[in-house]
Amino acid sequence: MKPHPSSKVPDGLTRRARSFVTEHGVKIDTKSIEEHRDWWLERNIPTAVIDRMAAYQQRWGGLVLPPAPKYDGGPKYFHPDAPEGSPAEGWSFEAGDQRTAVPYSFMIGPNGEFGIHSHQWTPLHATVEGWVESLALAYHASMWAKQITKVTGNDVDSIPLGAYEPVREVKGLADTWWRGADSLVAVYSGEADSLSFPAARTALIYSGLDEWGLRGEVEDTDT
């Protein structure tokens with residue numbers, strides 16, 4: 001698999017995330033899932049699910065991004081595989097292979113959520129775009145913050161998030177971002193929920209940010 005620059009950035013991202021993908025993302029060539037369509041159909045995977053996987057591959061397939069601050073970096077690259085589910089619970093599929101031997105898979109949920117599955121399914125962001133936005137914001141905040149503080153377990157509840165506003169572009173579910181007067185807070189609850197391990201809950205506080213650091217030219221009207 002030979003990497004090459006990511007020349008086409010998917011639409012629907014903020015300017016910050018588009019710049020992040022352009023500057024730090026590369027694409028690798030991956031095999032088309034159409035090679036497996038007949039095999040999946042023979043195993044009663046619905047056509048609509050395979051079509052969703054094909055659309056995901058068309059939009060995101062082969063995109064390699066820098067590692068995320070949590071989840072041992074996230075997927076190595078985006079590539080759909082291993083559909084699973086039922087008509088009652090909905091259908092999910094793998095979003096891409098893990099970078100390391102983590103005890104969960106990265107999945108795309110029945111409604112397009114990006115999340116992890118271990119003991120249970122935990123959606124992290126409402127969309128793949130939300131995961132990419134969160135990753136882009138983490139790199140932006142780490143570059144401009146004067147201090148980064150890590151808080152874990154029950155101590156996360158001591159952060160006064162009532163004084164912050166949610167960062168909407170990350171479309172947070174189990175994982176959320178919050179913007180204050182001069183700081184950003186990223187709260188990662190996915191592993192705590194999926195692994196039933198509350199101590200894994202983590203927050204990163206990026207403090208000492210100016211207006212550029214807080215937003216990076218992204219306004220609420222852009223999301």
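What this report covers is the structure whose coordinates are included nearby.

The rules behind the values
- Residues numbered from 1 in each chain as written.
- Predicted model: local features only at pLDDT ≥ 70, side-chain atom pairs only at ≥ 80, totals over all residues.
- Heavy atoms only, no water.
- Helix = DSSP H or I, 4+ residues; strand = E, 2+ residues; numbered from the N terminus.
- Buried < 20%, exposed > 50% of the residue type's maximum accessible area, 1.4 Å probe, protein only.
- Lys, Arg positive; Asp, Glu negative; His and termini not counted.
- Salt bridge = Lys/Arg side-chain N within 4 Å of Asp/Glu carboxyl O.
- Contact = heavy atoms within 4.5 Å.
- Phe/Tyr/Trp six-rings, centres within 6.5 Å; stacked < 30°, edge-to-face > 60°.
- Core = buried A, V, L, I, M, F, W, Y, C linked by side-chain atoms within 4.5 Å.
- 1 Å grid on protein atoms, 1.4 Å probe; cavity = no way out; pocket = protein on both sides within 12 Å on 5 of 7 lines; lining within 4 Å.
- Points joined across faces, edges and corners; volume = space filled by probe spheres on them.
- Nonpolar A, V, L, I, M, F, W, Y, C, P; charged D, E, K, R; others polar.
- Pairing = 2+ DSSP bridges.
- Axes fitted to C-alpha atoms, helices over the stretch in contact; angles between N-to-C directions.

With respect to the side chain of Glu113
Part 1 of the argument: Its location among the elements puts Glu113 in the loop between β6 (105–108) and β7 (114–117).
Part 2 of the argument: Buried charge without a salt bridge: Glu113, with Arg52 as the nearest opposite-charge side chain at an N-O distance of 6.0 Å.
Part 3 of the argument: Every residue in contact with Glu113, bar those within four places of it in the chain, is listed here: Met107, Ile108, Trp121, Pro123, His125, Ala126, Thr127 and Leu173.

Describing the packing of aromatic side chains
Part 1 of the argument: Per the stated rule, a full pass over the model turns up 12 aromatic pairs.
Part 2 of the argument: Relative to Tyr104, the ring of Tyr71 lies with its centre 6.2 Å away and its plane at 80°, an arrangement referred to as edge-to-face. In this pair, Tyr71 is assigned in the loop between β3 (63–64) and β4 (81–86) and Tyr104 in the loop between β5 (90–96) and β6, connecting sequence segments 33 residues apart.
Part 3 of the argument: Aromatic side chains Trp177 and Tyr206 sit 5.6 Å apart centroid to centroid with 15° between the ring planes, which places their arrangement in the stacked category. Here Tyr206 lies in strand β13 (residues 202–207) and Trp177 lies in strand β11 (residues 175–179), a separation of 29 residues in the sequence.
Part 4 of the argument: Note on Tyr206: relative accessible area 2%, which makes it buried.
Part 5 of the argument: Members of the aromatic cluster, joined through ring pairs, are Tyr71, Tyr104, Phe106, Phe114, Trp131 and Tyr188.

Digging into the nonpolar core
Part 1 of the argument: The biggest cluster of nonpolar side chains holds 47 residues, and the ones touching the most others in it are Phe78, Val132, Trp177, Leu184 and Tyr206.
Part 2 of the argument: Where this core is concerned, the elements lending two or more residues are α1 (15–24), α3 (47–60), β5, β6, β7, α4 (128–144), β12 (183–188) and β13.
Part 3 of the argument: Counting residues per element, this core draws most heavily on α4, at eight residues.
Part 4 of the argument: With residues up to four places along the chain from it excluded, the contact list for Tyr206 reads Ala138, Ala141, Ser142, Ala145, Gln147, Ile148, Trp177, Asp182, Ser183, Leu184 and Ala186.

Re the layout of surface pockets
Part 1 of the argument: Considering only enclosed or pocket space, the largest pocket measures out at about 310 Å³ in volume.
Part 2 of the argument: Lining of the largest pocket is provided by 14 residues; of these, Arg16, Ser19, Phe20, Glu23 and His140 occupy positions nearest its centre.
Part 3 of the argument: Every element with two or more residues in the lining of the largest pocket is listed here: α1 and α4.
Part 4 of the argument: Take the lining of the largest pocket: its biggest share by element is six residues, from α1.
Part 5 of the argument: Looking at the lining of the largest pocket, its residues break down into six nonpolar, four polar and four charged.

Some remarks on the sheet that holds strand β8 (residues 121–125)
Part 1 of the argument: On the basis of which strands lie adjacent, the open sheet formed by five strands has the order β4-β5-β6-β7-β8 and antiparallel pairing. Where the open sheet ends on each side, the last strands, each with one partner, are β4 and β8. Each strand axis lies, on average, 35° off the axis of its neighbour in the sheet, ignoring direction.
Part 2 of the argument: Two elements, β4 and β5, share four bridges in a ladder whose sense is antiparallel. Paired with Gly85 across the two strands is Trp91, which belongs to β5.
Part 3 of the argument: Of the strands in this sheet, β4, β5 and β6 are in contact with α3, which crosses β5 at around 30°.
Part 4 of the argument: Strand contacts of α4: β6, β7 and β8, with the helix running at about 60° to β8, the strand carrying the most contacts.

Describing the sheet that holds strand β9 (residues 147–152)
Part 1 of the argument: Read across the open sheet, the five strands follow the order β9-β13-β12-β11-β10; overall the sheet is antiparallel. Each having just a single partner strand, β9 and β10 (165–166) make up the two edges of the open sheet.
Part 2 of the argument: Note that β9 and β13 share six bridges and pair antiparallel. Paired with Val151 across the two strands is Ala203, which belongs to β13.
Part 3 of the argument: The strands that α4 touches are β9, β11, β12 and β13; relative to β11, the one it contacts most, it runs at about 45°.

None of the figures reported here should be taken as evidence of function without further support.
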